[in-house]
Amino acid sequence: IIYEMSKDSQYFQQAQKNDEKTRKKIELMRDKIKVTRPGNLASVTVAVDKYVEMLEDVDLSQIYCVVDMDMFFAAVEIRDRPELRKKPVAVGGMSMISTANYEARKYGVRSAMPGFIARKLCPSLIFVKSNFEKYKAVNKTFTDIFKEYDPGLKATSLDEAYLNITDYVDEKLRLESVSL
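If you're wondering where the values come from, they're calculated on a predicted model, not measured in any experiment.

So, how was this worked out
Residues numbered from 1 in each chain as written. Predicted model: local features only at pLDDT ≥ 70, side-chain atom pairs only at ≥ 80, totals over all residues. Heavy atoms only, no water. Patch = residues over 30% accessible without salt bridge, like charges linked within 9 Å, V, L, I, M, F, W, Y side chains within 5 Å. Areas by Shrake-Rupley, 256 points an atom, 1.4 Å probe, with all protein chains shown as cover. Salt bridge = Lys/Arg side-chain N within 4 Å of Asp/Glu carboxyl O. Lys, Arg positive; Asp, Glu negative; His and termini not counted. Charge placed at Lys NZ, Arg CZ, Asp CG, Glu CD. Helix = DSSP H or I, 4+ residues; strand = E, 2+ residues; numbered from the N terminus. Buried < 20%, exposed > 50% of the residue type's maximum accessible area, 1.4 Å probe, protein only. Phe/Tyr/Trp six-rings, centres within 6.5 Å; stacked < 30°, edge-to-face > 60°. Pairing = 2+ DSSP bridges. Axes fitted to C-alpha atoms, helices over the stretch in contact; angles between N-to-C directions. Contact = heavy atoms within 4.5 Å.

1. Examining a negative patch on the surface
A surface patch of negative charge is lined by D49, E53, E56 and D57. Within the secondary structure layout, E56 lies in helix α3 (residues 41–56). When its relative accessible area of 61% is taken as the criterion, E56 is described as exposed.

2. Here's the deal with the packing of aromatic side chains
By the definition in use, this model includes seven aromatic pairs. Ring plane angle 70 degrees and centroid distance 6.1 Å describe the contact between F72 and F142, whose orientation is recorded as edge-to-face. Taken as a pair, F72 in helix α4 (residues 72–80) and F142 in helix α7 (residues 132–149) lie far apart in primary sequence, 70 residues in all. Owing to a relative accessible area of 29%, F142 belongs among the partly exposed residues under this scheme.

3. Points about the sheet that holds strand β4 (residues 126–128)
With mixed pairing, three strands are arranged side by side in an open sheet as β3-β2-β4. Pairing within the sheet leaves two strands with one partner each, and these edge strands are β3 (97–100) and β4. Each neighbouring strand pair of the sheet contributes to a mean axis angle of 30 degrees, computed without reference to strand direction. Relative to β3, strand β2 (residues 89–92) runs antiparallel, the two being bridged by three bridges. The residue of β3 that forms the bridge with G92 is I97.

4. Let's talk about the environment of V138
Its place among the elements puts V138 in helix α7. The exposure class assigned to V138 is buried, which follows from its relative accessible area of 12%. Taking the C-alpha atoms as reference points, V138 and F73, 65 residues apart in sequence, are found 9.7 Å from one another. Aside from chain neighbours lying at most four places away, what touches V138 is F72, V76 and R79.

5. Let's talk about the pairing of strand β6 (residues 160–164)
As paired elements, strand β1 (residues 64–68) and β6 share five bridges and run antiparallel to each other. Bridge pairing in β6 links V66 to Y162. Note: strand β5 (residues 154–157) against β6, three bridges, orientation antiparallel. Within β6, the residue paired with A155 across the bridge is A161. Between the end of β5 and the start of β6, which pair antiparallel, lie two residues.

Right, here's the structure in full:
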């Protein structure tokens, strides 16, 4: 269905070009592997040693936590409309979907998919209009909690955040050692 609905689009044609580029890169890599004979392993070993040396200099003293709230917009909508629970739901419209819940994903409906294709895949799909003001308000709740763990929180979007929890973990470990 997806192929038939999108084969003439610019996006599909660009994806085909990208696939061809990737195929060519894979072909080149395979050719390089064929050329790597036991006599050439010395140069490969030197390259691997350089990578290992580089990794030894990486600072692993920080602890990061990545939070990615999958189907966040759909979850907020379902929270506010419980009758949508256990039904295929997509947030967005016929032109584009920003996210879909797990019920919709069973049919192949995905984020960043045109809604008209999603409807073909899942005729019972329920579309809910995006409400970013509501998502921002819910996001603030999470952000306030996340800031307890990382005051320097870096949120990249409404449903993703990168927390440096090193200080929090260090403090917890310090308190545990004091209480023992």
